[in-house]
Amino acid sequence: IVLFQHNNTHQCRIILRSIEQNEQIAETTKDPLKSVLQPAKHLVAEIIKFRFYQGRMKLYEKAFRGAFNSFLDAYRLAPPLGNGSSDNVFTNNEQRMNKQRTHFYLMVSGMLCGLEPPQEILARDDLSSAIFTPLFSAIRLGSPAAFSQVIDVNSAVLRRRGVYMLLQPARMYCYLYLLQAVHTSLTELGKEPSMIPFALLVSALDAANAKAALESGSGAAKPSDTSLVVAAEKETSAVSTTATTVSSIGQKRMRVEVDGQLKHDDMALWLARLVARGMVKGYLSYEHQTLVLSKKDPFPTISEVRTSNPYLA
């Protein structure tokens, strides 16, 4: 703990690696005497502490799935929150703070893995719910502008907990879900879903950002995904030059420029990242300004998340 608080991550890594190696040797040789954690299983607090800082180190190393597993183990091993009675109120407060902090980093690592928690798990901590509920909503909507707005509004907390920069790459999931929404809507409209022009995606992105701005500003009713694609197609054929500015705290990134706030090259860059990371099956035809998707399981990442929920495993 002292090493981590003083940002001596190198020494922390050495200690954690030595314990992990002992555990691997014990598991391979099936010799429990070589294990550091197993004989001390009655010291649950020590195991929770190890899993927590193991998860923190894996976050910094960008081993997000390993970090998620470590935080999930720590969260499950943590005792339930106390009832606040006078004889154990300090213990309960300490347990509550530790569990809430573990819950926060569990949400961070889960988001970076593309895993959305069930609402009953997300709502267990008010701070985590206040930050991550709108973030997951922005991802489902496919609005990177809304995602960035939430990050900016909560930047003080995220910087203090060392995850502000870590969460920035999660914006990629906004583009992934936007692409999937366009693909689904084209299928419902009876059009070819495996060949999507960049112009349509750019216009759909503007429509998604406009929808997020309206929901944030006035709580307007949500249009369907299909209506977003129809609106995007209209914008592609006749692009308006007007701009709507939403005035409220933290709304700078929510400005909706209907003349196209994201150029085709920028969209192509995000699509290339999705394809390169295996989140989308397909390829980019830059000459034809088109994304060509596989006709079989074009979104393997989303399919994997929907078939298994590690939060409930």
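Residues numbered from 1 in each chain as written. Predicted model: local features only at pLDDT ≥ 70, side-chain atom pairs only at ≥ 80, totals over all residues. Heavy atoms only, no water.

Trainee: How do you make sense of the pattern of salt bridges when you look at a structure like this?
Mentor: When the charged atoms of two side chains with opposite charge come close together, those side chains can pair. Per the counting criterion, the structure on display carries 4 salt bridges. Across the salt bridge formed by glutamate 61 and arginine 13, the nearest N and O atoms sit 2.8 Å from each other. With glutamate 61 in the loop between helix 3 (44-60) and helix 4 (64-77) and arginine 13 in helix 2 (residues 9-29), this pair connects stretches of sequence that are 48 residues apart. Judged by relative accessible area, which is 28%, glutamate 61 ranks as partly exposed. For the salt bridge of glutamate 61 with arginine 17, the shortest nitrogen-to-oxygen distance reads 2.7 Å. With glutamate 61 in the loop between helix 3 and helix 4 and arginine 17 in helix 2, the pair connects residues that are 44 residues apart, well separated along the chain. On the accessibility criterion, arginine 17 (27% relative accessible area) is partly exposed. Through salt bridges with shared partners, one network takes in Arg13, Arg17 and Glu61. (Salt bridge = Lys/Arg side-chain N within 4 Å of Asp/Glu carboxyl O. Helix = DSSP H or I, 4+ residues; strand = E, 2+ residues; numbered from the N terminus. Buried < 20%, exposed > 50% of the residue type's maximum accessible area, 1.4 Å probe, protein only.)

Trainee: Help me understand the packing of helix 3 against helix 4, please; the structure alone is not making it clear to me.
Mentor: Geometry of a packed helix pair, given as the angle between the helix axes and the separation of the axes. It is at 8 Å that the axes of helix 3 and helix 4 come closest, and there the two elements cross at 160°. One finds that helix 3 runs roughly antiparallel with respect to helix 4. As for how helix 3 packs across helix 4, the hand of that crossing is left-handed. Along its contact with helix 3, which presents Val44, Ile47, Ile48, Arg51, Phe52, Gln54, Gly55, Arg56, Lys58 and Leu59, the element helix 4 presents Phe64, Gly66, Ala67, Ser70, Phe71, Asp73, Ala74 and Leu77. Its residues assigned to classes, the contact of helix 3 with helix 4 comprises 10 nonpolar, 4 polar and 4 charged. (Axes fitted to C-alpha atoms, helices over the stretch in contact; angles between N-to-C directions. Parallel < 35°, antiparallel > 145°, perpendicular 65-115°, else oblique. Left-handed = near helix turned anticlockwise from the far one by under 90°. Contact = heavy atoms within 4.5 Å. Nonpolar A, V, L, I, M, F, W, Y, C, P; charged D, E, K, R; others polar.)

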